[in-house]
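Examining the three-dimensional arrangement
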Amino acid sequence: MSDARVRRRGPGAGNTVLTIWSVLVFAFLFLPIVVIIFASFNSGRLLVAWESFSLAPFAAIVEKPVVREAVLVSLRTGLIAALFASLVGTLAGVAMARRPGKWVWWFLGLLLLVSVTPEIVDAVALLPWLVFLGQDLGMSIFNDGTVRLVIGHSLFSVAIVSYIVRARLVGLDARLEEASADLFAPPLRTFLKVTLPLAMPAVLAGFLLSFTLSLDNTVVSAFVQVSGTTPWPVYVLSSLRSGLRPEIAAVSTIMLLLTLASLALVAYVLKRAGDSASEIARTMAGG
Amino acid sequence: MRSPRFGLAVPAWVWLAIFFIAPIGMVVWFSFGYKPGIFGTHANDVLSLDRYAEAMSPTFFATFQNTLWVGVLGTLLCLVIGAPVAYWMAVKAPPSRRGLLLALVMVPFWTNFLVRTLGWQVILSPDGWLSSGLQAIGLLDGPIDILYTRGAVLIGVVYNYLPLMILPLYVAFDRVGTPLREASKDLGASSVRTFLRVTVPLAQPGIIAGVLLVFIPLMGDYITATVLGGAQGNMIGQLVASQFGTAQNWALGSAMAVMLILIIMLTIVVAAAILWLISLPFRNRNRLVLEKAS
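Residues numbered from 1 in each chain as written. Chains lettered and ligands numbered in written order. Predicted model: local features only at pLDDT ≥ 70, side-chain atom pairs only at ≥ 80, totals over all residues. Heavy atoms only, no water.

What follows deals with the interface of chain A and chain B. Listed by partner, the interface residues are 86 residues for chain A and 81 residues for chain B. With both chains or domains summed, chain A and chain B bury close to 7500 Å², and 82% of this area falls on carbon and sulfur atoms. Where chain A meets chain B, there are 0 salt bridges. With 17 residues, the top contributor of residues to the side of chain A that touches chain B is helix 1 (residues 4-39) of chain A. Broken down by class, the residue content of the side of chain A that touches chain B amounts to 68 nonpolar, 10 polar and 8 charged. (Contact = heavy atoms within 4.5 Å. Buried area = accessible area lost by both parts, 1.4 Å probe. Salt bridge = Lys/Arg side-chain N within 4 Å of Asp/Glu carboxyl O. Helix = DSSP H or I, 4+ residues; strand = E, 2+ residues; numbered from the N terminus. Nonpolar A, V, L, I, M, F, W, Y, C, P; charged D, E, K, R; others polar.)

Here you go:
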């Protein structure tokens, strides 16, 4: 405490290096995103070679049926998968927080397994399984493109929503629900009027994160998709061979804006619910 | 309150059992079978471990070596690059800015994985602006020759998984809190000593979480290697995928998928064992110091 001058000078140089390093890393993190945004205004035929500024790539989204269709498939699947994951995940999260027992560790273990299994393993496992269910067992619902995509996208999302909802409710007092029960509210009423509103910020955050995850999903989608319902990332992946065109960058830019909007909404909802910056970070990093 | 709320988890149990456990179980089952002919994908009437032997062919081994190289080096690079950033964000940056900084890390993390990787393909392309720029200022004689190599895959994976390292490290450094660090400095420890003896040990769970969060998905990576790696940058994920796709050999592909999971788990166990062995002398020293003190 005595020699403030020395103390300030010592770490000062280190601080400058740390700051410069961090700024460089942030630049690194945004470099390819900026490149893609730039490329979406390219009038040339290929994404890599810049010709001149143009809005034509954006027009292609409306004009080209293949592109339009792929985007719509992505949005539709994202919405359904997010709704489904929120429903199933919320119920599981509430159960984990309010009916803890030995089973919770098994369930958490399963969720952990779901989150650490490489996507490619999920993908190659789901493909034969869906073929088995749909063709060998004749359950034709599993031959439907949207159903397959929703199933593939829901696995990780169910885990995320369960984590988030559990984390939120564990931190809240169960006596609120006990009071409701003491005042003669039937269980369903307590659930709808007390538990659900308490968990709502987490449910909303989980919904938006699931939606974003679904828009992002490429590997599982590429395997389980049925021709005719090709989601956007799979379309991009398949055009790797034929040459990337600027409209791919244009759609990506719009998808980026959509993702940003969802994230901003998640952050806003969690902030309103009283979470600190690092709690929000933990939620968004997947529990 | 005696309502059977355990039941609320049943839908999730059932869903994950049908669409996660059962499919993976099927893959394990397939891995003991064989490919019956040109048109068949799998048959399980004769069970054997032959597909595992087949999977360990020289091609697989070379790809496995490459994957492990990219996985280990990529994870270490993420740690080395990400730790100072996380530390700076949690400790040095003005507290009012931390929310914004976290958002800046999260935006790339939540941006479409494939698109980010395509961004690197554009950057590293031999006729891209980076290539021509470096040539113009005389740093390069010819166009960049890195796309479709292991180097390009390494750049891609470090980039793609870096946020997964920074976020848990940030949370860990944030948790350590200023009072302990100040106490250490007040007791005469230098900044470096405080960092090594107070901050790092307390942030250890976050460091381990970050390493696992990066290493596990990295080893199974399919997209980065497909977009940025060529023949030189092949990874096991692609090998598995090609057996289920083009080769239509589900039995061999299943054996490779099972091996991929086993390799990831084995690497983690080995790394944990090595870390434990390294820490042994330090543990003993600490104990000696404590015994002397008491």
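This part covers the confidence of the model for chain A. Residues and elements named next belong to chain A. Scored by pLDDT, chain A has a mean of 86; 95% of the residues are at 70 or more. Averaged over each element, pLDDT in chain A is lowest for helix 12 (residues 277-284) (74) and highest for helix 9 (residues 219-224) (94). Long-range and interchain partners of residues 1-10, a stretch whose pLDDT sits below 50, account for 3 contacts in this model, where long-range means more than four residues apart. (pLDDT = per-residue confidence, 0-100.)

If you check the backbone angles, F184 of chain A has positive phi at about 70 degrees while not being a glycine. You can call F184 of chain A exposed: its relative accessible area is 75%. For Y148 of chain B, which is not a glycine, the phi torsion comes out positive at approximately 65 degrees. Checked against the element boundaries, Y148 of chain B lands in the loop between helix 6 (129-136) and helix 7 (150-176). Its relative accessible area of 40% is what places Y148 of chain B among the partly exposed residues. (Buried < 20%, exposed > 50% of the residue type's maximum accessible area, 1.4 Å probe, protein only.)

The tally for this structure, following the rule as stated, stands at 2 cavities of 30 Å³ or more. Of the volumes computed, that of the largest cavity is approximately 90 Å³. Around the largest cavity, the lining residues are T212, L215, D216, W232, S252, M255, L256 and T259 of chain A together with W110, T111, N112 and V115 of chain B. Contributions of two or more residues to the lining of the largest cavity are made by helix 8 (187-216) and helix 11 (246-272) of chain A. Sorting elements by how many residues they give to the lining of the largest cavity places helix 11 of chain A first, with 4 residues. Looking at the lining of the largest cavity, its residues break down into 6 nonpolar, 5 polar and 1 charged. Volume-wise, the second largest cavity comes out at about 30 Å³. As for the second largest cavity, its lining consists of I33, I36, I37, S252, T253 and L256 of chain A together with T111 and V115 of chain B. Going through the elements one at a time, helix 1 and helix 11 of chain A are the ones with two or more residues in the lining of the second largest cavity. Along the lines of polarity and charge, the residues of the lining of the second largest cavity split into 5 nonpolar, 3 polar and no charged. (1 Å grid on protein atoms, 1.4 Å probe; cavity = no way out; pocket = protein on both sides within 12 Å on 5 of 7 lines; lining within 4 Å. Points joined across faces, edges and corners; volume = space filled by probe spheres on them.)

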